Structure formats: structure tokens, C-alpha cells
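This is what each chain is made of:
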Amino acid sequence: MSNKTFGPFELQKAYNNEPVPADFVERRRISAAMQTLAERLIRAEGDIDTLSGWADQLEALVATVGEPDRRDTRAANRKLFTGSATAEDIFHMMDYDPVGGPSNPIAPQVEWLQEDQNGIEGALRLGLQYQGPPGRVHGGVIAWLLDAALSRALHAAFRLGVTGTLNIRYLAATPIEDTIHCRARITGQEGRKIFVEGGIWHGDTQTVSAEGIWLTPKSLG
Ligand SMILES: CCCCCCCCCC(=O)SCCNC(=O)CCNC(=O)[C@H](O)C(C)(C)COP(=O)(O)OP(=O)(O)OC[C@H]1O[C@@H](n2cnc3c(N)ncnc32)[C@H](O)[C@@H]1OP(=O)(O)O
């Protein structure tokens with residue numbers, strides 16, 4: 001691991017270019033296995049002995065893991081804002097992102113196809129565990145995804161902010177278990193207020209549109 005340090009506007013660049021630390025290779029494996037399990041086991045058919053056997057094995061793993069110490073992300077965050085975050089700190093912030101974070105077992109995984117000043121685009125496939133109405137992605141999951149996608153458009157344009165307002169219009173069914181695309185871009189700025197829009201597409205059909213206002217913290221604005 002290098003001795004380089006990074007500030008808030010180098011977050012994405014450092015994350016994309018620094019080598020993946022050895023422990024994160026293993027954290028990503030754990031997370032991928034948990035995601036696969038969640039997707040395969042939800043609504044899985046099985047006789048009572050099979051279900052009971054799986055439950056026993058998973059409970060045994062939970063007991064083995066116990067309650068390990070966990071790193072306080074706020075420390076890494078503070079280092080970032082003083083320009084002294086290490087690559088390891090950056091991975092501790094980014095790899096657990098609840099959308100796309102490869103070390104977060106509940107994060108839908110996203111293949112980011114575009115991330116630049118003009119906006120972002122990601123491709124993903126949501127499994128049965130994200131279902132709302134039969135065959136469709138749950139509306140709350142869509143809001144979750146779009147909050148992250150629109151935030152990512154800020155980061156890709158080297159800006160920082162928290163979601164102030166997010167308006168969502170559900171236009172058509174967003175299918176589970178099929179590839180969908182999310183897109184977002186910045187449309188304007190007034191002082192600390194950054195205006196962002198985006199949506200979700202299934203093929204050529206836009207299924208969701210969103211627009212919102214992100215606020216750069218007073219300390220950075
Ligand atoms: C740096 C962080 C990096 C984090 C990356 C991950 C982000 C992932 C996305 C998220 O999930 S963020 C988590 C969900 N969002 C929050 O927790 C935000 C909670 N709300 C707040 O912290 C404050 O209400 C907020 C920072 C949004 C605004 O407080 P301020 O004290 O900065 O606002 P202020 O009262 O000074 O108003 C400044 C301007 O913004 C406007 N404004 C305030 N709150 C707003 C709001 N909620 N929506 C839209 N506009 C808002 C306000 O009208 C005013 O407009 P004008 O300048 O035109 O007069």
C-alpha cells in the first residue's frame with residue numbers, strides 16, 4: 001500500500017486507480033457469497049430437513065463470526081476532509097457503499113459504464129430479494145438506487161453534497177432479474193445547491209425519472 005494521501009475531490013480517482021488492498025479482496029469475496037446466498041435462498045423451495053440444515057449451517061457461521069470490532073468510518077471521513085486519507089481509508093469509505101459497494105453484502109452490484117463531468121451511467125440486475133409487485137423492483141429500492149446514482153453524478157463531477165430533496169416519478173414497471181440502466185447528470189447549481197436529474201431505463205423504455213437538490217456542506221461551500 002502506498003504512502004499517498006488524498007482529499008475529498010480525489011476520492012473517486014484514488015478509489016479507481018489504487019490497487020485493491022489484500023483484506024478487501026477477501027471482504028469482497030465474503031460479500032459476493034452473501035449476496036449469492038440471499039438471491040438463491042429467498043423463496044427457495046426445499047423440504048423441512050433441507051431448510052433446517054441450511055439454517056443450522058448459517059447460524060453456526062454467525063456464531064463463529066461473533067461480534068468483531070469494526071472500524072469507525074468517521075475517522076477516515078475526517079482524514080479525507082483534511083487531505084490526509086490513505087488509500088486504505090478510501091476503500092473503507094467506498095467499498096461499503098450501499099449501492100454498488102463490492103464489500104457491502106446488501107449492496108446491489110453495479111457496473112459503472114460512464115463516470116465523468118457529463119454524468120454517470122450504470123448497468124445492474126436486481127434479484128428476487130428486491131421485488132415489490134410480482135416481477136417488478138420495489139419502489140423503495142428504486143428510490144435507494146436513484147439516491148446513490150444521482151449522488152454519484154456529483155462525485156464524478158468532483159462535487160460533494162448530501163441529498164436535500166429527491167423527487168421520483170414511477171413511469172412504468174422496472175423488471176427484476178433483467179438488466180436495467182441508471183443514468184444521472186448535474187443540471188445546474190445555485191450557491192451550495194446542486195440540481196441533479198436522472199432515471200432508470202429498461203432497454204429503450206424509461207421506467208423512472210428523478211430530480212433532486214443536493215446541498216454542499218457549509219464547511220465546503
Ligand atoms: C459530503 C458528504 C458525502 C456523502 C456522500 C454520500 C451521499 C449519499 C446521499 C445520501 O444519502 S445523503 C443522506 C440523506 N440526506 C441527509 O441526511 C440530509 C439531511 N439534511 C441536512 O443535513 C440539511 O437539512 C441540509 C444539509 C440538506 C440543508 O441544511 P443547510 O443548513 O445546509 O441549509 P440552509 O438552511 O442553510 O439552506 C441553504 C439553501 O438550501 C435550501 N435547502 C435547505 N434544505 C433543503 C432541502 N432539504 N432540499 C432542498 N433545498 C434545501 C434552502 O432553502 C436554502 O436555499 P436558498 O439559498 O435559495 O435560500
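Residues numbered from 1 in each chain as written. Predicted model: local features only at pLDDT ≥ 70, side-chain atom pairs only at ≥ 80, totals over all residues.

Chemist: Describe helix α2 (residues 22-41), listing the residues and the values that go with them.
Modeler: For α2, spanning 20 residues, the distance from its first C-alpha to its last is 29 Å, which sits close to the expected 28 Å at 1.5 Å a residue. Where α2 terminates, the next one or two residues include Arg-43, which has phi positive at roughly 65°. (Helix = DSSP H or I, 4+ residues; strand = E, 2+ residues; numbered from the N terminus. Expected span 1.5 Å × (residues − 1).)

Chemist: Describe the domain arrangement of the chain, with residues and values.
Modeler: For the chain, the domain assignment lists domain 1 (1-105) and domain 2 (108-215). Look at where the C-alpha atoms of domain 1 and domain 2 centre, and you get two points 22 Å apart. Contact with domain 1, which involves 11 residues of that partner, is made by 14 residues of domain 2. Broken down by secondary-structure element, the contributors of at least two residues to the side of domain 1 that touches domain 2 are α1 (11-17) and α2. (Domains from an automatic or database assignment. Contact = placed C-beta atoms within 7 Å.)

Chemist: I'd like to hear about the sheet that holds strand β3 (residues 110-116), residue by residue, with values.
Modeler: With respect to topology, six strands assemble into an open sheet ordered β3-β4-β6-β7-β8-β5, the strand pairing being antiparallel. The open sheet has two edge strands with one neighbour each: β3 and β5 (162-170). Taking each pair of neighbouring strands and ignoring which way they run, the sheet shows an average axis angle of 15°. Direction of pairing for strand β7 (residues 193-202) relative to strand β8 (residues 205-215): antiparallel, over a ladder of 10 bridges. Counted as the bridge partner of Phe-195 is Ile-213 from β8. (Pairing = 2+ DSSP bridges. Axes fitted to C-alpha atoms, helices over the stretch in contact; angles between N-to-C directions.)

Chemist: Summarise the packing of helix α4 (residues 73-81) against helix α5 (residues 87-94); cite the residues concerned and give the values.
Modeler: α5 packs onto α4 with a crossing angle of 120° between their chain directions and a minimal axis gap of 9 Å. By the criterion of interaxial angle, the relationship of α4 to α5 is oblique. Here α4 and α5 pass one another in a crossing that is left-handed. Residue-level contacts link Thr-73, Ala-76, Asn-77, Lys-79 and Leu-80 of α4 to Asp-89, His-92 and Met-93 of α5. Looking at the contact of α4 with α5 residue by residue, the classes come out as three nonpolar, three polar and two charged. (Parallel < 35°, antiparallel > 145°, perpendicular 65-115°, else oblique. Left-handed = near helix turned anticlockwise from the far one by under 90°. Nonpolar A, V, L, I, M, F, W, Y, C, P; charged D, E, K, R; others polar.)

Chemist: Just give me the short version of the nonpolar core, but keep the residues and values in it.
Modeler: Residues Leu-145, Leu-146, Ala-149, Leu-150, Ala-153, Ala-184 and Val-196 are the most contacted members of the largest nonpolar core, which totals 26 residues. Counting residues per element, the ones that place at least two in this core are α6 (139-156), β6 (179-190), β7 and β8. At nine residues, α6 tops the list of elements feeding residues into this core. When near neighbours in sequence (up to four residues on either side) are disregarded, Leu-150 contacts Ala-184, Val-196, Gly-198, Ala-210 and Gly-212. Ranked by size, the runner-up nonpolar core spans eight residues in total, among them Phe-6, Ala-85, Ala-87 and Ile-90. (Core = buried A, V, L, I, M, F, W, Y, C linked by C-beta atoms within 7 Å. Buried ≥ 20, exposed ≤ 12 C-beta atoms within 10 Å, placed from the backbone.)

Chemist: Describe the UniProt feature "domain: Thioesterase" (unreviewed entry) in the chain, and please don't skip the residues or the numbers.
Modeler: Those residues carrying the UniProt feature "domain: Thioesterase" (unreviewed entry) are residues 135-208 in this numbering. Annotated as 24% helix and 47% strand, the span residues 135-208 places its first and last C-alpha atoms 16 Å apart. (UniProt positions renumbered as here; feature names shortened; annotations may be inferred.)

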